[in-house]
Amino acid sequence: FLKMISNKCLTLEDLINRLNRIQSLCYNSSKIDYGVTLSTIHSAKGLEFKKVYIIDLIDGEFPNYTSIEKLISKNLEFMEEERRLFYVGMSRAKAELTLITVKNINGKNTSISRFLNELVENE
(Lines give C-alpha, C1' and ligand atoms only; values in the text may rest on other atoms or scores of the structure.)
Protein backbone atom coordinates (compact mmCIF):
# COMPACT_ATOMS: atom_id res chain seq x y z
CA PHE A 1 0.00 0.00 0.00
CA LEU A 2 2.79 2.42 0.80
CA LYS A 3 4.35 1.76 -2.59
CA MET A 4 1.04 2.55 -4.27
CA ILE A 5 0.43 5.66 -2.15
CA SER A 6 3.95 7.00 -2.66
CA ASN A 7 4.06 6.24 -6.39
CA LYS A 8 3.82 9.89 -7.51
CA CYS A 9 5.59 11.43 -4.52
CA LEU A 10 8.97 12.92 -5.39
CA THR A 11 10.07 13.83 -1.85
CA LEU A 12 9.51 12.69 1.69
CA GLU A 13 7.54 15.89 2.26
CA ASP A 14 5.23 14.95 -0.64
CA LEU A 15 4.63 11.55 0.95
CA ILE A 16 3.91 13.04 4.38
CA ASN A 17 1.46 15.53 2.84
CA ARG A 18 -0.26 12.71 0.92
CA LEU A 19 -0.55 10.56 4.06
CA ASN A 20 -1.97 13.52 5.99
CA ARG A 21 -4.52 14.12 3.20
CA ILE A 22 -5.57 10.46 3.23
CA GLN A 23 -5.90 10.54 7.01
CA SER A 24 -8.04 13.67 6.79
CA LEU A 25 -10.28 12.12 4.12
CA CYS A 26 -10.77 8.97 6.20
CA TYR A 27 -11.53 10.95 9.36
CA ASN A 28 -13.97 13.32 7.67
CA SER A 29 -15.72 10.63 5.63
CA SER A 30 -17.22 9.17 8.79
CA LYS A 31 -18.95 12.54 9.42
CA ILE A 32 -20.71 12.69 6.05
CA ASP A 33 -24.38 11.63 6.02
CA TYR A 34 -24.50 10.92 2.29
CA GLY A 35 -22.44 9.02 -0.24
CA VAL A 36 -21.13 5.51 -0.53
CA THR A 37 -18.49 3.95 1.68
CA LEU A 38 -16.77 0.84 0.36
CA SER A 39 -15.33 -1.20 3.16
CA THR A 40 -14.27 -4.65 4.19
CA ILE A 41 -16.15 -6.17 7.09
CA HIS A 42 -12.93 -6.11 9.11
CA SER A 43 -12.57 -2.36 8.77
CA ALA A 44 -16.28 -1.74 9.43
CA LYS A 45 -16.11 -3.05 12.99
CA GLY A 46 -17.45 -0.45 15.38
CA LEU A 47 -19.06 1.62 12.61
CA GLU A 48 -22.72 1.89 11.65
CA PHE A 49 -24.36 2.83 8.37
CA LYS A 50 -27.97 3.55 7.43
CA LYS A 51 -27.83 0.97 4.63
CA VAL A 52 -25.46 -1.98 4.29
CA TYR A 53 -24.96 -4.23 1.28
CA ILE A 54 -22.97 -7.44 1.71
CA ILE A 55 -21.98 -8.88 -1.65
CA ASP A 56 -20.46 -12.12 -2.95
CA LEU A 57 -22.33 -14.32 -0.51
CA ILE A 58 -21.30 -17.56 -2.15
CA ASP A 59 -19.44 -20.53 -0.75
CA GLY A 60 -15.77 -20.09 -1.51
CA GLU A 61 -15.95 -16.33 -1.07
CA PHE A 62 -17.87 -15.91 2.18
CA PRO A 63 -17.10 -18.28 3.81
CA ASN A 64 -13.83 -18.68 1.95
CA TYR A 65 -12.40 -21.94 0.62
CA THR A 66 -9.89 -22.27 3.45
CA SER A 67 -12.62 -22.18 6.09
CA ILE A 68 -14.67 -24.75 4.18
CA GLU A 69 -11.67 -27.08 3.83
CA LYS A 70 -10.83 -26.73 7.52
CA LEU A 71 -14.45 -27.51 8.41
CA ILE A 72 -14.32 -30.70 6.34
CA SER A 73 -11.30 -31.80 8.42
CA LYS A 74 -13.29 -31.04 11.62
CA ASN A 75 -11.49 -27.77 12.41
CA LEU A 76 -14.36 -25.40 13.29
CA GLU A 77 -12.26 -22.39 14.30
CA PHE A 78 -11.98 -20.75 10.86
CA MET A 79 -15.66 -21.19 10.00
CA GLU A 80 -16.76 -19.80 13.35
CA GLU A 81 -14.56 -16.73 12.84
CA GLU A 82 -16.11 -16.13 9.42
CA ARG A 83 -19.59 -16.60 10.91
CA ARG A 84 -18.75 -13.93 13.51
CA LEU A 85 -17.55 -11.61 10.73
CA PHE A 86 -20.81 -12.20 8.85
CA TYR A 87 -22.71 -11.19 11.98
CA VAL A 88 -20.50 -8.11 12.37
CA GLY A 89 -21.25 -7.13 8.78
CA MET A 90 -24.98 -7.55 9.21
CA SER A 91 -25.04 -5.66 12.49
CA ARG A 92 -23.45 -2.56 10.86
CA ALA A 93 -26.83 -1.72 9.27
CA LYS A 94 -28.95 0.79 11.22
CA ALA A 95 -32.01 0.69 8.97
CA GLU A 96 -31.57 -1.51 5.90
CA LEU A 97 -29.55 -4.64 5.16
CA THR A 98 -29.24 -6.18 1.70
CA LEU A 99 -27.52 -9.54 1.28
CA ILE A 100 -26.41 -10.29 -2.28
CA THR A 101 -25.50 -13.59 -3.91
CA VAL A 102 -25.18 -14.67 -7.52
CA LYS A 103 -26.15 -17.88 -9.30
CA ASN A 104 -23.11 -17.97 -11.58
CA ILE A 105 -19.89 -16.15 -12.33
CA ASN A 106 -18.62 -16.12 -15.90
CA GLY A 107 -21.04 -18.92 -16.79
CA LYS A 108 -19.89 -21.14 -13.91
CA ASN A 109 -22.55 -22.08 -11.32
CA THR A 110 -21.95 -21.01 -7.74
CA SER A 111 -23.33 -22.22 -4.42
CA ILE A 112 -25.17 -19.79 -2.17
CA SER A 113 -23.27 -19.02 1.02
CA ARG A 114 -24.06 -21.45 3.79
CA PHE A 115 -24.49 -18.39 6.02
CA LEU A 116 -27.49 -17.30 3.96
CA ASN A 117 -28.87 -20.83 4.11
CA GLU A 118 -28.50 -20.78 7.91
CA LEU A 119 -30.48 -17.53 8.09
CA VAL A 120 -33.30 -19.02 6.01
CA GLU A 121 -33.31 -22.24 8.07
CA ASN A 122 -33.61 -20.27 11.32
CA GLU A 123 -36.60 -18.15 10.24
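Please read these numbers as outputs of a predicted model, since none were measured by experiment.

1. Here's the deal with the environment of E80
- Take E80: it is sitting in helix α5 (residues 77–90).
- Classification of E80 by relative accessible area gives partly exposed; the value is 33%.
- Sequence separation between E80 and P63 is 17 residues; the distance between their C-alpha atoms is 9.7 Å.

2. Details of the layout of surface pockets
- Empty space within the second largest pocket amounts to approximately 170 Å³.
- Taken together, I58, D59, G60, E61, Y65, I105, K108, N109, T110 and S111 make up the full set of residues lining the second largest pocket.
- Looking at the lining of the second largest pocket, its residues break down into three nonpolar, four polar and three charged.

3. Remarks on the side chain of R92
- Its location among the elements puts R92 in the loop between α5 and β2 (93–99).
- No salt bridge is formed by the buried R92; the nearest opposite charge belongs to E48, separated by 5.7 Å.
- From its side chain, R92 meets the backbone oxygen of L47 in a polar contact 2.9 Å long.

4. Looking at the packing of aromatic side chains
- Here the structure, examined in full by the defined rule, presents three aromatic pairs.
- Aromatic side chains F62 and F86 sit 5.8 Å apart centroid to centroid with 85 degrees between the ring planes, which places their arrangement in the edge-to-face category. Taken as a pair, F62 in the loop between β1 (49–54) and α4 (65–72) and F86 in helix α5 lie far apart in primary sequence, 24 residues in all. Neither F62 nor F86 differs from the other in exposure class; each is buried.
- On the basis of an interplanar angle of 25 degrees and a centroid distance of 5.3 Å, the ring pair of F86 and F115 is categorised as stacked. Highlighted residues: F86 in helix α5 and F115 in helix α6 (residues 114–121), separated in sequence by 29 residues.

5. Comments concerning the confidence of the model for the protein
- For the protein, per-residue confidence averages 86 on the pLDDT scale, and 95% of positions sit at 70 or higher.
- Per-element confidence in the protein is highest for β2, whose mean pLDDT is 92, and lowest for helix α1 (residues 2–5), whose mean pLDDT is 81.

Rules used in this analysis
Residues numbered from 1 in each chain as written. Predicted model: local features only at pLDDT ≥ 70, side-chain atom pairs only at ≥ 80, totals over all residues. Heavy atoms only, no water. Helix = DSSP H or I, 4+ residues; strand = E, 2+ residues; numbered from the N terminus. Buried < 20%, exposed > 50% of the residue type's maximum accessible area, 1.4 Å probe, protein only. 1 Å grid on protein atoms, 1.4 Å probe; cavity = no way out; pocket = protein on both sides within 12 Å on 5 of 7 lines; lining within 4 Å. Points joined across faces, edges and corners; volume = space filled by probe spheres on them. Nonpolar A, V, L, I, M, F, W, Y, C, P; charged D, E, K, R; others polar. Lys, Arg positive; Asp, Glu negative; His and termini not counted. Salt bridge = Lys/Arg side-chain N within 4 Å of Asp/Glu carboxyl O. Polar contact = N/O pair within 3.5 Å; in protein donor to acceptor, adjacent residues only side chain to side chain. Phe/Tyr/Trp six-rings, centres within 6.5 Å; stacked < 30°, edge-to-face > 60°. pLDDT = per-residue confidence, 0-100.

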